[in-house]
Every structure is written in structure tokens, then in C-alpha cells.
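Geometric and topological summary
Residue strings, one per chain:
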Amino acid sequence: MNCEKGIVYEKIISIDEINKAMLEDNENAVIIDLCNFIDIESCFDLIFDPPESFLATCKKYWEDFYNEMMCAKPSVPTFYACDEDGTLYFYHGKSRIRVSEHFKSQGKTYSELAAEAIRFAAGVGKAAAMAS
């Protein structure tokens, strides 16, 4: 008899006997009987909750790692560039947007239009902006 962790095995079967039974195409009942003594649950470690100090250390490690990673992350590159054919593109990361402005050459500039839109959105309106 073989004892391990309080388990008593009535017979000792080698892996060779199990392999031989498999190769001889024995019935499943014979193979199951050969493997019946194996206590599968004894093959695994007990599952338990880790100590709170370990969990706190892990949490701090991952928070520090995440914060460091986010600080080191480069900002998304944004820029304008002209293509070979003269088309202007705005790049934001991997996105490319074709720029086509349709302003009259003698009309208002973009900065004047933007300032007017900001004043209007703020409730000042066009009349109040012209009065000043």
C-alpha cells in the first residue's frame, strides 16, 4: 500500500501498464479501472486568498506602472503637409484630412470669423462686437 497526503492506494499501477492497455485497444472499462485509483483533486494546490499586504503591493505596483506609462506616452502628432500635387492635408495621428478652405481673397480672414463665432456663442452677438 502506498500512502500520500492521507490517501491510501490499494494497487500500484505503472504508466507502462496504462499505455499497454491503450495500445491493445482494451475496453474503456478496463482503462478506467486502471486509472480509477488516481485522485485528480490531489494533483492541484489549494486555492486561497492572498494576504492583504500582497494585494496592496500589487495594486500600488500596477497604479505606478499605469501612471508612468501614461506620462511617458507621447502626444498625438498633429501637423499640416502638402502633397506632391499641392493639396494641403491636416494630419492628426494616423488620420489625414484634406483641407479645402473656400474664403474669398478680399473677405474676412479665418481669425476674424473665429473671433466673431466666439463672440456670438458667448451671447455678445455681432451688433455688440461692431459697436466696440
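Residues numbered from 1 in each chain as written. Predicted model: local features only at pLDDT ≥ 70, side-chain atom pairs only at ≥ 80, totals over all residues. Heavy atoms only, no water.

1. Concerning the pattern of salt bridges
A side chain of one charge can pair with a side chain of the opposite charge if their charged atoms are brought near each other. Enumeration according to the criterion identifies 1 salt bridge in this entry. Residues K60 and D64 are paired through a salt bridge, measuring 2.9 Å at the closest nitrogen-oxygen approach. One end of the pair is K60 and the other is D64, both in helix α3 (residues 52-72) and 4 residues apart, which spans about a single turn. (Salt bridge = Lys/Arg side-chain N within 4 Å of Asp/Glu carboxyl O. Helix = DSSP H or I, 4+ residues; strand = E, 2+ residues; numbered from the N terminus.)

2. Considering the nonpolar core
By size, the foremost hydrophobic cluster in this structure holds 5 residues: I13, I18, A21, I31 and L34. Those elements that provide at least two residues to this core are α1 (15-23) and α2 (28-35). Not counting the four nearest positions on each side in its chain, I31 is found in contact with A21, M22 and N26. (Core = buried A, V, L, I, M, F, W, Y, C linked by side-chain atoms within 4.5 Å. Buried < 20%, exposed > 50% of the residue type's maximum accessible area, 1.4 Å probe, protein only. Contact = heavy atoms within 4.5 Å.)

3. Overview of the packing of α1 against α2
Orientation of α1 relative to α2, taken along the N-to-C sense of each, is 170 degrees, at an axis distance of 10 Å. Put simply, α1 runs roughly antiparallel to α2. The residues of α2 that touch α1, namely those facing E17, I18, A21 and M22, are I31, L34 and C35. (Axes fitted to C-alpha atoms, helices over the stretch in contact; angles between N-to-C directions. Parallel < 35°, antiparallel > 145°, perpendicular 65-115°, else oblique.)

4. Examining the sheet that holds strand β4 (residues 88-92)
Spatially, the 3 strands line up as an open sheet ordered β3-β4-β5, and their pairing is antiparallel. The sheet terminates laterally at β3 (78-82) and β5 (95-98), the two strands that pair on one side only. Going across the sheet, the axis of each strand differs from the next one's by a mean of 25 degrees, ignoring polarity. Sheet analysis places β3 next to β4, joined by 5 bridges and oriented antiparallel. What sits directly across from A81, in β4, is Y89. (Pairing = 2+ DSSP bridges.)

5. Points about the side chain of T87
If you trace the backbone, T87 turns up in the loop between β3 and β4. Within the local environment of T87, its side chain forms a polar contact with the side chain of D85, the two groups lying 3.0 Å apart. Contact partners of T87, with chain neighbours within four places excluded, come to A81, C82 and R98. (Polar contact = N/O pair within 3.5 Å; in protein donor to acceptor, adjacent residues only side chain to side chain.)

6. So, the packing of aromatic side chains
Under the defined criterion, the tally for this structure stands at 6 aromatic pairs. Taken together, a centroid distance of 6.4 Å and an interplanar angle of 15 degrees make the contact between Y61 and F65 stacked. Of this pair, Y61 and F65 both sit in helix α3, separated by 4 residues, roughly a single helical turn. Seen in terms of ring centroids, F79 and Y91 are 4.9 Å apart; in terms of plane orientation they differ by 15 degrees. Their pairing is stacked. Within this pair, whereas F79 is found in strand β3, its partner Y91 is found in strand β4, the two being separated by 12 residues in sequence. Classification of F79 as partly exposed rests on a relative accessible area of 40%. Members of the aromatic cluster, each reached through a chain of ring pairs, are Y61, W62 and F65. When the ring centre of Y89 is taken as origin, the NZ or CZ atom of R96, which lies over that ring, is 4.0 Å away. (Phe/Tyr/Trp six-rings, centres within 6.5 Å; stacked < 30°, edge-to-face > 60°. Lys NZ or Arg CZ within 6 Å of the ring centre and 35° of its normal.)

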